[in-house]
Amino acid sequence: MYKVDFPKDFPKNFLWGGATAANQIEGAWDIDGKGLTTAEVVRKADDRKKMSMNIVDPSSIKAAINDSTTANYPKRRGIDFYHHYKEDIKLFAEMGFKVFRFSIAWARIFPNGDNLQPNEKGFEFYDRVLDELENYGIEPLITLSHYEMPLALTQKQNGWLDRATIADFTRYTEVVFKRYRGRVRYWLTFNEINTGTWGFHETGVVDSHLDKKEQENVRYQALHHQLVASALATKQLHEIDPKAKMGCMLARMQTYPATCRPEDVRAAQMEDQKNLFFTDVQARGEYPEFMNRYFAENGIQIKMAEKDQEILASSPVDFVSFSYYMTTVTSAEAGEEVNGNMATGGRNKYLEESDWGWQIDPIGLRITLNEMWDRYRKPLFIVENGLGALDKLEDGKVHDEYRIDYLRKHIEQMKEAIKDGVQLMGYTMWGPIDLISFSTSEMSKRYGFIYVDQDDEGNGSLKRIRKDSFYWYKKVISSNGADL
Ligand code: BGP
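The chain is annotated in an unreviewed UniProt entry as Beta-glucosidase of Liquorilactobacillus sucicola DSM 21376 = JCM 15457. We quote the UniProt Sequence similarities (unreviewed entry) comment for the chain here in full: "Belongs to the glycosyl hydrolase 1 family."

Quick look at the structure:
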């Protein structure tokens, strides 16, 4: 007889924690031999309240390459994690973190992105971070490239558009894997790889002078090189450190049809396919047919080397990770402007939104988890989720019950998905300590359990203060998700 049984709770070894990125926390942008990164030279987009396709001001991209006065100072400052990492990791440990996601700045290891000797001083910083995590038994989860690369690679070869960047990246990943063999169990190649279709921040490609059609061509070409590099890094990791696991990372945004009219359902399906395409390649090892048709019909021609398909097929990832902040809506009439454009996409009248227009959809997380598990049958890892808000510090306290409410509702849905049979490895909430926002480059869009005393201009003591949500998350972790 078929045995009816299903998991009722979070697994015992569930990885609770938080996630960050080098250029949003570290600061120390010119210390210990580090080179400039792409994230540090471009300005934020003018549209500060909405996250749109133009996350980076297009006029700053070209200027940045020749003119070092075009700087993103908030990202250069971060929250000075470089000098505060001990204090910060201690606070993570106090909350009971099992895992901490951070990224290595490629330009600390190879300041010019070239294949010469790695920068020992750059490595030493990450050695210290790992030592500290080990002291508290916190598992590291490392992103190899989170929205940045050495600026020199953009200057020399237009970032990922040039195939030569694959070799630069694999040299970087090789030295990193060898250095940290046996010390790091979980890795990710590229953060939110799919956002490379939106522009510079992911690919490091200067294309603001091209028309939309040409841009799309160039971006998919650059992303093809990233997909090949990701597969090569996965292969390397398995050879250098067989016990370690590699994951891919997608900005997952489920698209709902505006109505149940089949035309709308199909439009939403196409949006979803374009989103999942990247994970399809990384987890299944091949380009799915629907993209071949999309490329052909849109005049996109991807140059592949003879071995590329073999490389992709030979090294799929071990687990599938994604960020989840919102869902969106589309219709057959919506057209390009709406499709794929995060918060400025179609509105869903059933959902509330954050101050930045991100539609809050906890049940969408359960739907997403079920669909991703069905599609890939590989363990899933939610490596970003959270609420950006304007917090108020009053009498040394931050009462952020809105954040607790957001997180609670999402974690409840994770539990539902686990009962549905989804294999979920862990959850790293985004920005456990306030950090510089990616899309606004401001400090005031805060996600943290820990408040950092710094304003948008960089004034402040950098003091770390526990918010109400800090104590709440500590309880969530100690009860393994039972006490929400
Ligand atoms: C993701 C990025 C992060 C991050 C987060 C929140 O897209 O991977 O780097 O910052 O979104 O976005 P924001 O900072 O724009 O609110």
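### Focus: the overall build of the chain
Along the chain, the regular secondary structure elements total 17 helices and 14 strands. What you see for the chain is a C-alpha radius of gyration of 21 Å, in line with the 23 Å of a compact globule of 484 residues. In terms of principal-axis extent, the alpha carbons of the chain reach across some 60 × 55 × 45 Å. Taking the contacts inside the chain whose residues are at least 6 apart along the sequence as the reference set, 76% of them involve residues at least 24 apart.

### A word on the packing of helix α16 (residues 401-419) against helix α17 (residues 468-478)
Running from amino to carboxyl end, α16 crosses α17 at an angle of 25°, the nearest separation of the two axes being 9 Å. Classified by the interaxial angle, the pair formed by α16 and α17 is roughly parallel. The element α16 and its partner α17 pack so that their crossing is right-handed. For the pair α16 and α17, contact is made by E401, R403, I404 and I411 and by D468, S469, W472 and V476, respectively. Of the residues assigned to the contact of α16 with α17, the class counts are 4 nonpolar, 1 polar and 3 charged.

### Some points on helix α6 (residues 120-135)
Taking 1.5 Å per residue as the helical rise, α6 with its 16 residues ought to reach 22 Å, and the 22 Å between its terminal C-alpha atoms agrees with that figure. Of all the positions in α6, only G122, F125, Y126, V129 and L133 are classed as buried. All buried residues of α6 fall inside an arc of 85° around its axis, so they share one side. Every exposed residue of α6 that faces more than 90 degrees away from the buried side is listed here: E120, E124, D131, E134 and N135. In the segment just after α6, G137 is the residue with positive phi, at about 65°.

### Concerning the pairing of strand β1 (residues 15-19)
Burial of β1 is extensive: 5 of the 5 residues sit out of reach of the surface. Two elements, β1 and strand β12 (residues 424-430), share 5 bridges in a ladder whose sense is parallel. Bridging from a neighbouring strand, W16 pairs with Y427 of β12. In terms of strand pairing, β1 meets strand β2 (residues 99-103) through 3 bridges, oriented parallel. By the bridge assignment for β2, G17 is matched with V99.

### Focus on the nonpolar core
As a rule of thumb, nonpolar side chains are buried together in soluble globular proteins. Core analysis: the biggest nonpolar cluster contains 129 residues, and I104 and V320 have the highest contact counts within it. Sorting elements by how many residues they give to this core places helix α10 (residues 212-240) first, with 10 residues. Here I104 is in contact with A22, I109, Y126, I142, L144 and V176, once residues within four sequence places are set aside. With 6 residues, the next largest nonpolar core counts Y256, A267, A268 and A334 among its residues.

### Details of the site of the ligand
In the vicinity of the ligand lie 15 residues, with A21, G388, S437, F438 and S439 positioned nearest. By residue class, the composition of the shell around the ligand is 6 nonpolar, 6 polar and 3 charged.

### Some words on the UniProt feature "active site" (unreviewed entry) in the chain
Per the UniProt annotation, the sites labelled "active site" (unreviewed entry) are E384. Assignment of secondary structure puts E384 in strand β11 (residues 380-384). Overall, the presence of 25 C-beta atoms within 10 Å leaves E384 in the buried class.

### As for the sheet that holds β11
Taken in spatial order, the 8 strands close into a barrel running β1-β2-β3-β4-β5-β7-β11-β12, and their pairing is parallel. When the angles between neighbouring strand axes are averaged without regard to direction, this sheet yields 25°. Direction of pairing for strand β3 (residues 139-145) relative to strand β4 (residues 186-190): parallel, over a ladder of 4 bridges. For T143, the partnering residue across the bridge sits in β4 and is L188.

### Overview of α16
In this model, α16 (19 residues) spans 27 Å end to end at C-alpha, consistent with the 27 Å of a helix rising 1.5 Å per residue. The complete set of buried residues in α16 reads R403, I404, Y406, L407, H410, I411, Q413, M414, A417 and I418. Looking at the buried residues of α16, the elements they touch are β10 (359-360), α15 (362-376), β12 and α17. Count one or two residues on from α16 and you reach G421, which has phi positive near 110°.

### With respect to unusual backbone geometry
Of note, R377 is a non-glycine position whose phi angle comes to about 50°, a positive value. Its location among the elements puts R377 in the loop between α15 and β11. Look at R377 and you get exposed, because 10 C-beta atoms sit within 10 Å. For S441, which is not glycine, the phi torsion reads 55° and is therefore positive. Counting through the fold element by element, S441 comes out in the loop between β12 and β13 (450-452).

The rules behind these values
- Residues numbered from 1 in each chain as written.
- Predicted model: local features only at pLDDT ≥ 70, side-chain atom pairs only at ≥ 80, totals over all residues.
- UniProt positions renumbered as here; feature names shortened; annotations may be inferred.
- Helix = DSSP H or I, 4+ residues; strand = E, 2+ residues; numbered from the N terminus.
- Rg over C-alpha atoms; globule rule 2.2 N^0.38 Å.
- Contact = placed C-beta atoms within 7 Å.
- Axes fitted to C-alpha atoms, helices over the stretch in contact; angles between N-to-C directions.
- Parallel < 35°, antiparallel > 145°, perpendicular 65-115°, else oblique.
- Left-handed = near helix turned anticlockwise from the far one by under 90°.
- Nonpolar A, V, L, I, M, F, W, Y, C, P; charged D, E, K, R; others polar.
- Expected span 1.5 Å × (residues − 1).
- Buried ≥ 20, exposed ≤ 12 C-beta atoms within 10 Å, placed from the backbone.
- Arc of directions from axis to C-beta.
- Pairing = 2+ DSSP bridges.
- Core = buried A, V, L, I, M, F, W, Y, C linked by C-beta atoms within 7 Å.
- Near = placed C-beta within 6 Å.

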